[in-house]
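Secondary and tertiary structure notes
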Amino acid sequence: MKRITQGILCAATAGAFLVACSSTATSPGEDSGATLRVAAPSSEKAALDAVVTAFEKANPDAKVTVTYADADPYQSTLRTQLSSGTAPDVFYAWPGNGNAGAIQTLVPGGYLEDLSGRPWAKDVPAGFKSVTQVDGKTYIVPLTYTGIAAVYNKAALTATGKDEPKTWTEVLQLCDAAKKDGKVAFALGNQTPWVTQLVDYALVATTVYAEEPDFAARQQAGKASFADSGWKTAMEKYLEMNERGCFSENPLGTSVDTANEQVARGDAVAAVQVLAVAGQIEAMAPEGTEFGTFALPATDNPDDTRMPGAVGGAYAVNAKTGKKDVAHDFIDFLAQPAGTNLYAEKSSAGPALPNDSFKADESFQTLFTYQRQNRTVLFMDQLWPNAKVQQAHLTGVQDLFSGESTPEEVLAEMDKTYQGD
């Protein structure tokens, strides 16, 4: 992994929206000439900052102001800004469905511009169209193919005397070995709501989809449910890891930034994370620290293991922007190999729009190996019918860790919200 030299991420609180990371920041609705306002979650900072710098160099008359926030306040406040007509010109939007910032949630409100006529739209791979289109129209430019995996500190793993775990038993053995070495195996920041889902997703990829690759389609047809599936097994294993001492002390009192710092310092061996966050972890680490990734096993048969892999970073144009020309220029720049490859490199991912000039970092070949072997599974929420399911999941995991709920109760609530009740 190439060393990332970006500064410390902008701080954002739940009570305030996107904190500007540029001296050219403008207030909502202010006429700023050629200044383009762009917004994204904090996890995208390393990648987006690099692309903005390249875009401004290639377009000297254009200025871009980028603002960032953690995913939860980002989603809620973006919706408020879109409703009030004060949203950024270009903004990060999630593929598919499943949360308040996903395109299938935003398109019905008329918030996103149809990008089907842009020159790159025809190059979106067929396998990504279900999560980049609504009613056959393209509304986001997909930039990365990313995954959810254990991002690990190589020196910290070596200190435990263990190798990358290939089975569930080896995962638990790593937890024991890490404790013996004065570390935790997996840093976990469940104080940050969106982090709560990641271990479940990593496990469900195997506990559900290894045996039922068509589970999402069956669920959409009313022939499968969360409660009567391997989702229950995954949640039980999630709790087993917690009881075994695999995670940070008091995960509900640990933020995502603190968890990332634990891996960066080597106080934790790994963190189950979206690969885009790997750059943040490395930026916090001492110079020369090396990292790797592995898929989180959920059974004792390595052939069962699957890995979540899907379209990651993606951007949309505000349908009501008064700066469509520069917005289109920026979106089109993102879609060109120079833009998409730079974004993918800084996100520890691959380009969603394939091209021959991208060279994947050797430290993050796990995702691409699983993709070639047809052992990846779409991020689960991208195919859920509404944002309430994800919220039930996030809240449910926090309730599991506080002892206020059981896997059966959480899954029953997820089934209820999935059905629209």
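Predicted, not measured: the structure shown is a model, and the values here were computed from it.

Observations regarding the nonpolar core
Nonpolar side chains tend toward joint burial in soluble globular proteins. One finds Leu48, Phe91, Phe186, Trp231 and Tyr315 to be the most contacted residues of the largest nonpolar core, which totals 140 residues. Other than its neighbours up to four places away in sequence, Phe186 contacts Ala150, Val171, Leu174, Cys175, Met241, Cys246, Phe247, Ser248, Ala270, Val272, Phe294 and Leu296.

Topic: the pattern of salt bridges
Taken as a whole and assessed by the stated rule, the structure comprises ten salt bridges. Between Lys45 and Asp49 there is a salt bridge, with its nearest N and O atoms 2.4 Å apart. Here Asp49 and Lys45 lie together in helix α1 (residues 45-58), a separation of four residues that amounts to about one turn. For the residue pair Lys45 and Asp49, the accessibility class agrees, reading buried in each case. Across the pair Glu408 and Lys232 runs a salt bridge, and its minimum N-O distance is 3.4 Å. Note that Glu408 is positioned in helix α16 (residues 407-418) and Lys232 in helix α9 (residues 230-244), a separation of 176 residues in sequence. Residues joined in a network through salt bridges with shared partners are Lys232, Glu236 and Glu408.

Looking at the environment of Ala268
If you trace the backbone, Ala268 turns up in strand β10 (residues 268-274). Using a relative accessible area of 0% as the deciding quantity, one classes Ala268 as buried. Residues Ala268 and Phe247 lie 21 residues apart in sequence; the distance between their C-alpha atoms is 8.6 Å. Non-local contacts of Ala268, meaning those with residues more than four positions away in its chain, are made with Asn153, Ala156, Val184, Ala187, Gln262 and Val263.

Describing the packing of aromatic side chains
On inspection of all chains with the given rule, the structure shows 18 aromatic pairs. Summarising the aromatic geometry, the rings of Phe128 and Tyr145 are spaced 6.0 Å apart at their centres and angled 20° between planes, so their arrangement reads as stacked. Linking Phe128 in the loop between α3 (103-106) and α4 (129-132) with Tyr145 in strand β8 (residues 144-153), this pair joins segments that are 17 residues apart in sequence. When sorted by exposure, Phe128 lands in the same class as Tyr145, which is buried. Seen in terms of ring centroids, Tyr209 and Phe215 are 5.9 Å apart; in terms of plane orientation they differ by 85°. Their pairing is edge-to-face. Phe215 shares its class with Tyr209; the two are buried. Taken together through their ring pairs, the aromatic side chains of Tyr74, Tyr92, Trp94, Tyr315 and Tyr343 make up a single cluster.

Considerations on the pairing of strand β12 (residues 307-311)
Extensive coverage of β12 is indicated by the burial of five of its five residues. The pairing of β8 with β12 spans three bridges and is classified as antiparallel. Looking across to β12, one finds that Thr146 is bridged to Ala310.

So, unusual backbone geometry
One non-glycine residue, Asp135, lies in the positive phi region at around 55°. With respect to the secondary-structure elements, Asp135 resides in the loop between β5 (133-134) and β6 (137-138). You can call Asp135 exposed: its relative accessible area is 77%.

Considerations on the confidence of the model for the chain
Within the chain, residue pLDDT values average 90, and 91% of them lie at 70 or more. This model gives residues 1-32 a pLDDT under 50, and the stretch forms 74 contacts once residues within four places in sequence are excluded.

Concerning the side chain of Asp89
As for its position among the elements, Asp89 is in the loop between α2 (71-84) and β4 (90-92). Notably, Asp89 is buried but unbridged: the nearest opposite-charge side chain belongs to Lys323, and the N-O separation is 4.1 Å. Of the polar contacts made by the side chain of Asp89, one reaches the side chain of Thr321; its length is 2.7 Å.

Here's the deal with the environment of Gln419
Inspection of the secondary structure puts Gln419 in the segment after α16. With 45 residues separating them in the primary sequence, Gln419 and Asn374 have C-alpha atoms 30 Å apart.

Thoughts on α16
For α16, which comprises twelve residues, the first-to-last C-alpha distance of 16 Å matches the rise-based estimate of 16 Å (1.5 Å per residue) to within 8%. Of the positions making up α16, those classed as buried are Pro407, Val410, Leu411, Met414, Asp415, Thr417 and Tyr418. Down the axis, α16 shows its buried residues gathered within 165° of arc, on one side only. Each element contacted by the buried residues of α16 is listed here: α8 (215-220), α9 and α15 (387-402).

With respect to the packing of helix α7 (residues 196-207) against α9
Interaxial distance between α7 and α9 falls to 9 Å at its minimum, and their mutual angle equals 130°. Looking at the two axes, α7 sits oblique to α9. As for how α7 packs across α9, the hand of that crossing is right-handed. Along the contact surface, α7 presents Thr196, Val199, Asp200, Tyr201, Leu203, Val204 and Thr207, while α9 presents Gly230, Trp231, Thr233, Ala234, Met235, Lys237, Tyr238 and Met241. Counted by class, the contact of α7 with α9 contains nine nonpolar, four polar and two charged residues.

Procedures and definitions
Residues numbered from 1 in each chain as written. Predicted model: local features only at pLDDT ≥ 70, side-chain atom pairs only at ≥ 80, totals over all residues. Heavy atoms only, no water. Core = buried A, V, L, I, M, F, W, Y, C linked by side-chain atoms within 4.5 Å. Buried < 20%, exposed > 50% of the residue type's maximum accessible area, 1.4 Å probe, protein only. Contact = heavy atoms within 4.5 Å. Salt bridge = Lys/Arg side-chain N within 4 Å of Asp/Glu carboxyl O. Helix = DSSP H or I, 4+ residues; strand = E, 2+ residues; numbered from the N terminus. Phe/Tyr/Trp six-rings, centres within 6.5 Å; stacked < 30°, edge-to-face > 60°. Pairing = 2+ DSSP bridges. pLDDT = per-residue confidence, 0-100. Lys, Arg positive; Asp, Glu negative; His and termini not counted. Polar contact = N/O pair within 3.5 Å; in protein donor to acceptor, adjacent residues only side chain to side chain. Expected span 1.5 Å × (residues − 1). Arc of directions from axis to C-beta. Axes fitted to C-alpha atoms, helices over the stretch in contact; angles between N-to-C directions. Parallel < 35°, antiparallel > 145°, perpendicular 65-115°, else oblique. Left-handed = near helix turned anticlockwise from the far one by under 90°. Nonpolar A, V, L, I, M, F, W, Y, C, P; charged D, E, K, R; others polar.

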